[in-house]
Amino acid sequence: MTDASADQSKWSMVGKDPWTMPIEKIDLSHPGIWQANEFLPFMERLRLEDPVHYCAESAVGPYWSITKYKDIMQVDTSPEIFSSEPTIGIVDTYDEYTLPSFISMDPPKHDEQRRIAQPVVAPANLKRLEHLIRQRVCNILDELPLETEFDWVKEVSIELTTQMLATLFDFPFESRHKLTFWSDAATAIPGAGVVASNEERWAAMEECLQVFTGLWNERVNAEPGNDLVSMLAHGEATQNMSPMEYLGNIILLIVGGNDTTRNSISGGVMALNENPAEYDKLRADRSIIPNMVSEIIRWQTPLAYMRRTALVDTELGGKQIKAGDKVVMWYASGNQDSEVIDRADEFLIDRDKARQHLSFGFGLHRCMGNRLAEMQLRILWEEIMQRFDMVEVVGQPERVYSSFVKGYTHLPVKLHGLN
Amino acid sequence: MAGLHAAERSSLLLRRTSWYRSALEIKGPRFMVKIKFIEHSGQEHDVETNPGASVMIAAVSNGVPGIDADCGGACSCATCHVYVDQEWLEKTGEINPTEEAMLSLSTDRKDNSRLSCQIQVTEDLDGLVVTMPEFQF
């Protein structure tokens, strides 16, 4: 019995029959089906029968679900109709707990702030980091035991992404695990494990701000550097940010670079175990890795959705959306849309046009760290294949209790060396 | 013709290379436009294409490396970024607000930057020369 089947919330969809229940009652926002890995058929039914779907009652209030690839593209590329303000999460925020950051801003402010942070994850900067990233990947992999069960999430996925973040922020390396905690706390549902309450979460955010204020003060008085804190401290559009805005942007970059890649690292191992023929393809031809990385990112879709808010009355897929309505783009569903993606329900590491997936979003808010994520995954798999014949999943994985962060909290594996 | 191509462009999202090619071929023989793509390394690729499609499609359907076109031509990813040779810049037409917004977020933006999915191939562009940035981002 998994945690999920113990999910007693009256809103939980766990165990319900996706094909016979009243369609208007389908609610993708409740975390239960995500943790229980039961979300796929619910999304499939919506794509087939009601692709722009209104859920009138849910724990987070009424909202629209957009489930088809092309409709998602349309929403994502129409910021003048579908705003990213006040928040891109499905839960409405309250002022005292709201962190301003450019992911939840519209142009022109979004563009100004993003331009400052973007160069740190631009390919030209990444090229300088590649050697260091590979070294750190090798160090992690070389410490792992052979033929012994361990948790891949903790030892590899979290460790690697945390080290990367510390590198990008030039954060004190020995304190790097704080970054992971702040990231987890920022997106946690109070009471679901990481933090007990909103107050506790806020205490974590305040600690984060305090530490990063120290780094800011240190770097604002030094020569401009290539790390993110220095870029923000010296950037014209960001140097006069309020403390809350600074914290908001720091948290955005921590969460953006942490949960997402972490879960694609775990998700790739799962997908290859569930599709042994694909693992064989990889063993036979390692030049497939860059293409496989895109397919892993599609398959995992580490952020299941982004939310927008309609600014005006509008029509989408024959439905009337009213100004003020919550509109949720389910990337996890669009990435399974067989009308656009050939054999979308199959994990194919050599698929044609693998880069054309929704996991990074499209338009002005397209994932800024996409090239860093791809690079980390590419290097990781290159080095895994140098060392191990198989990363074998040897027990039941546990998944995150969230409809936003789609990923794993635990993945027991055993490594088998090359013969 | 313009209407057909506009419709074609909007449905272009995410069709495959082979599809692009067949879509170009079924219109039969006509005036072919020559385009030179120059990679950041200096490697040149000369392609011939029918008027009507975009410069991005001309590259992708001819296997020119250095253009990712992740969004399939919807002006929403900036991974088909090119630098247009100065003498051709005017002929490639105006930059629309969406393209301007996407380009303005690029770290490699120059004054001759364009998104190649937004340049429609016309007979006036015969001989066009574009260079790719080192990275698409």
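First things first, this report covers the structure right here in the doc. Owing to the predicted nature of the structure, the values given are computational and were not obtained by experimental measurement.

**Here we look at the interface of chain B and chain A**
Counting from both sides, the interface comprises 25 residues of chain B and, opposite them, 28 residues of chain A. Across the interface of chain B and chain A, roughly 2200 Å² is buried in total on both sides, 59% from carbon and sulfur atoms. At the boundary of chain B with chain A, the tally comes to 4 salt bridges. Inspection of the chain B/chain A interface yields 9 residue pairs in polar contact (both at pLDDT 80 or more). Elements supplying a minimum of two residues to the side of chain B that touches chain A: helix 2 (17-25) and helix 4 (97-104) of chain B. Examining the composition of the side of chain B that touches chain A, we find that 3 residues originate from one element, helix 4 of chain B, more than from any other.

**Examining the sheet that holds strand 4 (residues 150-151) of chain A**
Residues and elements named next belong to chain A. Spatial strand order, 4-12-9: 3 strands in an open sheet with antiparallel pairing. Edge positions in the sheet fall to strand 4 and strand 9 (388-393), since each has one partner strand and no second. Sheet topology note: the strand 9/strand 12 (residues 412-417) ladder contains 5 bridges and is antiparallel. Along strand 12, the bridge assignment pairs Phe388 with Gly417.

**Side note on the sheet that holds strand 1 (residues 33-38) of chain B**
One key point about sheets: their strands pair by backbone hydrogen bonds, in either a parallel or an antiparallel sense. All names here are of chain B. Taken together, the 5 strands give an open sheet; going across it, the order is 2-1-5-3-4, and neighbouring strands pair in mixed fashion. One side of each edge strand has no neighbouring strand; the edge strands of this open sheet are strand 2 (44-49) and strand 4 (113-115). Within the sheet, the average angular offset between the axes of one strand and its neighbour, ignoring direction, is 35°. Examined bridge by bridge, strand 3 (residues 81-84) and strand 5 (residues 128-131) share 2 bridges and lie antiparallel to one another. Each bridged residue has a counterpart across the sheet, and for Tyr83 the counterpart in strand 5 is Thr131.

**Overview of the state of the cysteines**
This structure, assessed with the given rule, holds 0 disulfides over all chains. The closest cysteine sulfur to the non-disulfide-bonded Cys367 of chain A is located on Cys77 of chain B, 13 Å from its own sulfur. For Cys367 of chain A, a relative accessible area of 28% translates into the label partly exposed.

**Some details on the packing of aromatic side chains**
Evaluation of the coordinates by the stated rule reveals 12 aromatic pairs over all chains. Between Trp216 of chain A and Tyr246 of chain A the ring centres are 4.7 Å apart and the planes differ by 70°, which places this aromatic pair in the edge-to-face class. Of this pair, Trp216 of chain A sits in helix 8 (residues 198-220) while Tyr246 of chain A is found in helix 10 (residues 243-274), placing the two residues 30 residues apart along the sequence. Tyr246 of chain A shares its class with Trp216 of chain A; the two are buried. Taken together, Trp34, Phe39, Tyr305, Trp330 and Phe404 of chain A form an aromatic cluster joined through their ring pairs. Between Arg283 of chain A and the ring centre of Tyr279 of chain A, over which it is positioned, the NZ or CZ distance is 4.2 Å. In this structure, Lys110 of chain B is placed above the aromatic ring of Tyr83 of chain B, and the distance from its NZ or CZ to the ring centre is 4.2 Å.

**A closer look at the nonpolar core**
All names here are of chain A. Within the largest apolar cluster, 89 residues are counted, with the highest numbers of intra-cluster contacts made by Trp152, Phe169, Met205, Phe212, Leu282 and Trp381. Broken down by element, this core gets its largest block of residues, 13 residues, from helix 10. Beyond its immediate chain neighbours, meaning those up to four positions away, Phe169 contacts Phe212, Arg219, Asp227, Leu228, Val229, Ile250, Leu253 and Ile254. Membership of the second largest hydrophobic core comes to 46 residues, among which are Met43, Tyr63, Leu303 and Tyr305.

Parameters at a glance
- Throughout, a residue's number is its position along its own chain's written sequence, starting from 1.
- Chains and ligands are labelled by the order in which they are written, letters from A for the one and numbers from 1 for the other.
- Since the coordinates come from a predicted model, pLDDT governs what is reported: local features require at least 70, and pairs of side-chain atoms require 80 or more to be given and counted, while whole-chain, interface and lining totals use all residues.
- Working from all heavy atoms in the structure, the side-chain values ignore hydrogens and water.
- Residue contacts follow a heavy-atom distance rule, with two residues in contact if any of their heavy atoms lie within 4.5 Å.
- Values labelled buried area give the accessible surface lost by two parts on being combined, using a 1.4 Å probe and summing over both.
- The salt bridge criterion pairs a side-chain nitrogen of Lys or Arg with a carboxyl oxygen of Asp or Glu, the two atoms within 4 Å.
- Definition of a polar contact: a pair of N or O atoms within 3.5 Å, with one able to donate and the other able to accept a hydrogen when the atoms are protein atoms, and with sequence-neighbouring residues admitted only if both atoms are side-chain atoms.
- Helix and strand assignments follow DSSP, with helices taken as H or I runs no shorter than four residues and strands as E runs no shorter than two, numbered in order from the N terminus.
- DSSP calls a pair of strands paired once it identifies at least 2 bridges connecting them.
- Fitting a line to C-alpha atoms yields each axis, with helices limited to the stretch in contact; the angle taken between N-to-C directions then spans 0 to 180 degrees.
- We call a pair of cysteine sulfur atoms a disulfide whenever their separation is within 2.5 Å.
- With a 1.4 Å probe rolled over the protein chains alone, any residue whose accessible area is under 20% of its type maximum counts as buried; one over 50% counts as exposed, and the rest are partly exposed.
- Working definition: rings of Phe, Tyr and Trp (its six-membered ring) pair if their centres are within 6.5 Å, and the pair is stacked with planes under 30 degrees apart, edge-to-face with planes over 60 apart, and tilted otherwise.
- In this scheme, Lys NZ or Arg CZ marks a charge over a ring once it lies within 6 Å of the ring centre and within 35 degrees of the ring normal.
- Each nonpolar core is a collection of buried residues, namely Ala, Val, Leu, Ile, Met, Phe, Trp, Tyr and Cys, held together in the definition by side-chain atoms within 4.5 Å.

So yeah, pure geometry; function would need other evidence.
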